[in-house]
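# Architecture and fold: a report
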Amino acid sequence: MIPIKLKGRTISRGCAKGEVLLSRDPISFLGSIDPKTGVVIEENHALEGKSIQGKVLVFPHGKGSTVGSYVMYQLKKNGVAPVAIVNMETEPIVAVGAIISEIPLVDMLERNPYEVLNNGDLVLVNGSKGYIELIKQETNKTEHD
């Protein structure tokens with residue numbers, strides 16, 4: 001497989017590699033995710049019951065309270081944050097949270113991430129240079145599992 005590289009916009013610098021966890025639902029870090037465990041606790045959320053710890057979290061955009069930025073920082077301090085974030089379009093709450101938590105974040109990719117990425121894919125997020133690279137596709141899962 002030839003790695004797929006998608007250019008995007010740098011929001012938070014840094015590089016991280018990890019397994020993709022996709023959500024088509026927006027995420028409010030205040031109320032959607034337990035800052036002690038990194039588990040999604042929002043009822044009826046696409047990721048309810050799943051841990052974001054160590055994942056490349058792909059979601060369209062954030063929602064909700066400005067306190068969400070601090071919750072992202074708590075996730076990082078507690079060792080349960082995602083290693084990187086990819087958004088369709090990042091809004092200020094998620095941007096500030098990623099920056100203060102030193103979580104690489106890229107958005108506005110040249111292709112729709114939901115058409116390219118699947119849960120379990122291994123990707124590199126380069127927030128410093130503004131791109132993501134699909135390193136290994138998960139072959140044991142159905143599309144957008």
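Residues numbered from 1 in each chain as written. Predicted model: local features only at pLDDT ≥ 70, side-chain atom pairs only at ≥ 80, totals over all residues. Heavy atoms only, no water.

### With respect to the pairing of strand β7 (residues 122–126)
Taking burial as the measure, the 5 residues of β7 include 4 buried ones, the bulk of the element. Sheet analysis places strand β3 (residues 15–22) next to β7, joined by 5 bridges and oriented antiparallel. Within β7, the residue paired with A16 across the bridge is V125. Bridge count for β7 against strand β8 (residues 131–136) is 5 bridges, and the pairing is antiparallel. When the bridges of β8 are listed, N126 appears paired with Y131. The hairpin formed by β7 and β8 contains 4 residues between the paired strands, and G130 there has a positive phi angle of roughly 75°. (Buried < 20%, exposed > 50% of the residue type's maximum accessible area, 1.4 Å probe, protein only. Helix = DSSP H or I, 4+ residues; strand = E, 2+ residues; numbered from the N terminus. Pairing = 2+ DSSP bridges.)

### A word on helix α2 (residues 68–77)
Of the positions making up α2, those classed as buried are G68, S69, V71, M72 and L75. Burial along α2 is one-sided: seen end-on, the buried residues are contained in an arc of 160°. Structurally, α2 contributes buried residues whose contacts are with α1 (29–32), β5 (84–87) and α3 (92–101). Directly after α2, the chain includes G79, whose backbone phi takes a positive value near 75°. (Arc of directions from axis to C-beta. Contact = heavy atoms within 4.5 Å.)

### Observations regarding the pattern of salt bridges
Tallying each qualifying case throughout the model produces 3 salt bridges. For K55, the salt bridge identified is with E19, shortest N-O distance 2.9 Å. Remark: E19 occurs in strand β3 and K55 occurs in strand β4 (residues 55–59); sequence separation between them is 36 residues. Looking at K55, the relative accessible area reads 21%, which means it is partly exposed. (Salt bridge = Lys/Arg side-chain N within 4 Å of Asp/Glu carboxyl O.)

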